[in-house]
Amino acid sequence: ESELFGHERGAFTGAVERRRGKIELADGGSFFLDEVGELKLELQAKLLRVLQERRFERLGGTRSLDVDVRWIAATNRDLGAMMAGGRFREDLYHRLAVFPIRLPPLRERKGDLVPLARALLARIGPSVRGRVLTLGADAEARLVAWHWPGNVRELANTLERAAILTERDVIGAGDVWLEASAPPPASTEPAPPVAAARPLVELERDAIVAALTSVAGNRRKAAEVLGIAERTLYDKLKRYGIE
């Protein structure tokens, strides 16, 4: 609440001076409210007043401040279901949804996937390997065949993992690991022979070693690259005897 509306000196413990909130700072411009479905109900009510009356008070203040802001809100929640369950105010929804724009999930816009993957890899390659990496045709086909339940974040993580694993400048299908926890997409292709597979523990150990190598042994950064907790990484280092 203090971040949005600001506060006066002494409004709460630690408020040693007046602070302007983000809404006040956005006056005359645009305000992007990301994940608006996470707002608590009491904060939703205060936000509604700002949208309706274009005025608010700082936390602990009594003087009303006028504000002229273009509002943009985003959410990955089903706000209709939240309204039905009493977790999101219907009046706030209708104030925000003057011009709704639906961004389809990645699985519904496969034509965007390869250009997006190439753009992401142009940043990931120099960051992870210190050089430009490209996608092979087999890797692109593997990416297009997946259904991406985690959308762009999952795609970026997959490409970063591939950049760690590859020994070449061109990422192949064998470098592309997909989340085993998500249901695989329907495919008419025959399953690869079991003999071609490697034990999962070997793949995991190689990925950990590659991640540590890419960040000069920094375990915290390696855990971030692998997408696991640092404590989990310590346990795996001990289990696999990695120094």
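Each remark here, short or long, concerns the structure printed above.
Residues numbered from 1 in each chain as written. Predicted model: local features only at pLDDT ≥ 70, side-chain atom pairs only at ≥ 80, totals over all residues. Heavy atoms only, no water.

Student: Which residues make up the packing of aromatic side chains, and what are the values?
Tutor: Tallying each qualifying case throughout the model produces two aromatic pairs. Taking 6.0 Å as the distance between ring centres and 45° as the angle between the ring planes, the aromatic pair formed by Phe5 and Phe56 counts as tilted. Residue Phe5 is found in helix H1 (residues 2-5), and its partner Phe56 is found in strand E4 (residues 55-56); the two are separated by 51 residues along the sequence. Ring geometry for Phe31 and Trp71: centres 5.0 Å apart, planes at 45°, overall tilted. With Phe31 in strand E3 (residues 30-33) and Trp71 in strand E6 (residues 70-73), this residue pair connects regions lying 40 residues apart in the sequence. Its guanidinium or amino end placed over the ring of Tyr240, Arg239 lies 5.8 Å from that ring's centre, counting from NZ or CZ. (Phe/Tyr/Trp six-rings, centres within 6.5 Å; stacked < 30°, edge-to-face > 60°. Helix = DSSP H or I, 4+ residues; strand = E, 2+ residues; numbered from the N terminus. Lys NZ or Arg CZ within 6 Å of the ring centre and 35° of its normal.)

Student: Tell me what's going on with the side chain of Glu154, and back it up with residues and numbers.
Tutor: Inspection of the secondary structure assignment puts Glu154 in helix H8 (residues 151-165). Although Glu154 lies buried, it forms no salt bridge, and the closest oppositely charged side chain, Arg161, sits 6.3 Å away as judged by the N-O distance. Side-chain polar atoms of Glu154 contact the side chain of Trp146, separated by 3.0 Å. (Buried < 20%, exposed > 50% of the residue type's maximum accessible area, 1.4 Å probe, protein only. Lys, Arg positive; Asp, Glu negative; His and termini not counted. Salt bridge = Lys/Arg side-chain N within 4 Å of Asp/Glu carboxyl O. Polar contact = N/O pair within 3.5 Å; in protein donor to acceptor, adjacent residues only side chain to side chain.)

Student: Break down the packing of helix H9 (residues 200-214) against helix H10 (residues 219-226) for me, with residues and values.
Tutor: The geometry of H9 relative to H10 is characterised by a closest axis approach of 8 Å and an angle of 125° between their N-to-C directions. As far as their axial angle goes, H10 and H9 are oblique. Handedness of the crossing formed by H9 with H10: right-handed. Listed contacts from H10 to Ala207, Ile208, Ala211 and Leu212 of H9 are Arg219, Ala222, Val225 and Leu226. Taken together, the residues of the contact of H9 with H10 sort by class into seven nonpolar, no polar and one charged. (Axes fitted to C-alpha atoms, helices over the stretch in contact; angles between N-to-C directions. Parallel < 35°, antiparallel > 145°, perpendicular 65-115°, else oblique. Left-handed = near helix turned anticlockwise from the far one by under 90°. Contact = heavy atoms within 4.5 Å. Nonpolar A, V, L, I, M, F, W, Y, C, P; charged D, E, K, R; others polar.)

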